[in-house]
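Coordinate analysis (summary)
Each chain, written out:
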Amino acid sequence: AIDFTRLARQTGLTSFDPGFVNTASTRSNITFIDGDKGILRYRGYPIEELAEHSSFLETAWLLIYGELPTKEQLDDFTYRVLHHNMVNEDFKRIFDIFPKEAHPMSVMASAVGALSTFYQDSLDPTDPEQVEISTIRLLAKMPVLAAYTLKRSLGEPLLYPDNRLGYVENFLRLAFGTPAEEYELNPVVSKALERLLILHEDHEQNASTSTVRLVGSTQANIFASISAGINALFGPLHGGANEAVLHMLQQISDEGMGIPDFVEKVKNKESGIRLMGFGHRVYKNYDPRAKIVKATAETVLDELGVHDPLLDLAMQLEEVALKDDYFQSRRLYPNVDFYTGVIYKAMGFPTKFFTVLFAIGRLPGWIAQWREQNADPTTKIGRPHQLYLGETERHYPGV
Ligand code: ACO
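Position numbers for residues start from 1 in each chain and track the written sequence from start to end. Where local features are concerned, this predicted model is filtered to residues with pLDDT of at least 70; where side-chain atom pairs are given and counted, the filter is 80 or more; whole-chain, interface and lining totals use all residues.

On to the overall build of the protein chain. Helix and strand labels come from DSSP, where a helix needs a run of H or I of at least four residues and a strand needs a run of E of at least two; each type is numbered from the N terminus. Secondary structure summary: the protein chain contains 18 helices and three strands in total. Taken over C-alpha atoms, the radius of gyration comes to 22 Å for the protein chain, in line with the 21 Å a tight globule of 399 residues would show. Taken over the C-alpha atoms alone, the protein chain extends approximately 70 × 55 × 55 Å along its principal axes. Comment: burial labels come from other C-beta atoms within 10 Å of the residue's own C-beta, placed from the backbone, where a count of 20 or more is buried, 12 or fewer is exposed, and between is partly exposed. Counting the 399 residues in the protein chain, one finds 43% classified as buried. Taking the intrachain contacts of the protein chain between residues at least 6 apart in sequence as the baseline, contacts between residues at least 24 apart amount to 76%. Two things to know: the radius of gyration comes from C-alpha atoms, and the globule rule equals 2.2 Å times the number of residues to the power 0.38. Two residues form a contact once the distance between their C-beta atoms, set from the backbone, is within 7 Å.

Here's what the structure looks like:
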């Protein structure tokens, strides 16, 4: 194998690659993407098959441990995850200190980071047992923390998890249930949410996953690493795009703007407006996840009897954009975020909460990637170079 570090030192050459457009930061066995063909596979399994037939926890196991679990393995995993979903009563006070209007992604990043204060027995990345228990704790508590973040923002009481329910059903009940009455689950909605979460589980070295790896490369604990990943996901060019898409559609609708006029505005670079939910660093073809999301949007809205003009607007926008030379020449297609917001809205989630759903979905991928790096003895601390362009040397006045 070529020792690139030595080669760079010997030759004195540094590659300059803003945005890491062409630089592999790692080797990985987890997720494969062919952006030109629009292919996404987890551990070799096509995303379409997993979204249709697998469950969130089964896919999480696949990503983290490398194979599909046997029935016994999955039952045991599900049991362990569900039986770690309680949140310490003292910990819950964290949700009271934030203003109600705080962005839920900020609350989530704080809450997940704060897990390291309560679980000091699982912070050592060199101890496989601690890595294992922190994996279970993260998967177990993340949706509960998310539901509590939502409830507190609404000023509503927090429920305890109900382990007769599955992972996704439990989350829906915690998010929308009340102590006063039994929460009525809609199986079409929970199935659809599970499918969306599976679609988000991993996406190789995207910005948030790269962040998790970079922080993890310092041997920071997994809670700290994933809290950093949540903050990276927050940005509108990444996971925050699902929220931004809905604001964009709402604005077009409120202002009564014609779709062609909006598209012209986007094409004019001076406007600084992007078509949110369109374009991707890796996909130069239809994002395979977006196809499934689009079909799911129609199913969910039909089931709930919701007619949302924003869905019509999104479809028209897609149609106009895909025929336009600006988008065609740059190979810009809808990405996973383009249609998710419309579904989350129909399910009853506030717009500000959409990216938290992305974070719940992405958690297994972050864990799998952190663990893959952590288990690799050749891992080095991430430390990019820079090209220094500042002053060479000058002196303090009078010196
Ligand atoms: N609307 C309008 N123009 C766009 C868009 C868009 N959504 N996306 C890219 N372009 C244009 C750029 O202006 C650029 O044009 P130019 O060559 O004339 O300068 C060209 O397409 C290439 O764009 P880059 O910004 O260089 O592409 P990059 O790979 O760096 O960015 C990104 C990818 C950030 C996803 C971009 O497409 C974007 O901003 N999309 C909108 C936000 C979004 O939906 N993000 C979610 C991504 S998926 C995810 O994280 C889950």
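Time to look at the environment of Trp61. Tracing the chain through its elements places Trp61 in helix H3 (residues 56-65). On the basis of neighbour counts, which here come to 24 C-beta atoms within 10 Å, the residue Trp61 falls in the buried class. Sequence-wise, Trp61 and Pro364 are 303 residues apart; in three dimensions their C-alpha atoms are separated by 8.1 Å. What Trp61 contacts, discounting residues up to four positions off in sequence, is Pro69, Gln73, Leu74 and Phe77.

Another point: the pairing of strand S2 (residues 39-42). On S2, burial follows the alternation: Leu40 and Tyr42 on one face are buried, whereas Ile39 and Arg41 on the facing-out side are not. Two strands pair under a simple rule: DSSP has to find at least two bridges between them. Relative to S2, strand S1 (residues 31-34) runs antiparallel, the two sharing four bridges. Across the sheet, the residue bridging to Phe32 is Arg41, located in S2. Hairpin remark: S1 followed by S2, antiparallel, with four residues in the connecting loop; positive phi at Gly38, about 70 degrees. Here S2 pairs with strand S3 (residues 45-46) via two bridges, running antiparallel. The partner of Arg41 across the bridge, within S3, is Pro46. Remark: two residues form the turn of the hairpin made by S2 and S3, two consecutive strands paired antiparallel; Arg43 in that turn has positive phi of roughly 50 degrees.

For the rest of this paragraph, the subject is the sheet that holds S3. Judged by pairing direction, the sheet is antiparallel, and its three strands sit side by side in the order S1-S2-S3 without closing on themselves. Either end of the sheet is taken by a strand with one partner, and the two such strands are S1 and S3.

Below, the discussion takes up the packing of helix H7 (residues 128-154) against helix H11 (residues 222-233). Axes are the key here: two packed helices are described by the angle between their axes and the distance separating the axes. Orientation is described by lines fitted to C-alpha atoms, with helices fitted over the stretch in contact, and by angles between N-to-C directions that extend from 0 to 180 degrees. Between H7 and H11, whose axes approach to 10 Å, the crossing angle comes to 40 degrees. In terms of their interaxial angle, H7 and H11 are classed as oblique. Residues Val131, Ser134 and Leu138 of H7 form the contact with H11, whose participating residues are Ile222, Phe223 and Ile226. Considering only residue class, the contact of H7 with H11 consists of five nonpolar, one polar and no charged. An angle below 35 degrees is treated as roughly parallel, one above 145 as roughly antiparallel, one from 65 to 115 as roughly perpendicular, and anything else as oblique. When residue character is reported, Ala, Val, Leu, Ile, Met, Phe, Trp, Tyr, Cys and Pro are called nonpolar, Asp, Glu, Lys and Arg charged, and the others, Gly included, polar.

This brings us to H7. Here H7 is 27 residues long and its end C-alpha atoms lie 39 Å apart, about the 39 Å a rise of 1.5 Å per residue gives. Working definition for bend: take the seven residues up to and ending at a residue and the seven starting at it, fit an axis to each, and measure the angle between the axes. A bend of about 35 degrees at Lys141 is the largest found in H7, and the proline Pro143 appears one to four places after it. The buried fraction of H7 is high, at 19 of 27 residues. Two residues or fewer after H7 comes Gly155, characterised by a positive phi angle close to 75 degrees. Helix span, expected: 1.5 Å multiplied by one less than the number of residues in the helix.

Attention now goes to helix H4 (residues 71-82). The end-to-end C-alpha separation of H4 is 16 Å, in line with the 16 Å expected for twelve residues at 1.5 Å each. Burial in H4 covers these residues: Phe77, Val81 and Leu82. Looking straight down H4, one finds its buried side chains confined to an arc of 120 degrees; they lie on one side. Residues of H4 that are exposed and point over 90 degrees away from its buried face: Glu72, Asp75, Asp76 and Tyr79. Among the structural elements, H3, H7 and helix H8 (167-176) are those in contact with the buried residues of H4. Along the arc lie the directions from the helix axis toward the C-beta atoms.

This part covers unusual backbone geometry. Although it is not a glycine, Phe20 sits at a positive phi angle of roughly 50 degrees. Tracing the sequence through the fold places Phe20 in the loop between helix H1 (4-11) and S1. Classification of Phe20 by C-beta neighbours within 10 Å gives partly exposed; the count is 13. Phi at Gln219 is positive, roughly 70 degrees, even though this residue is not glycine.

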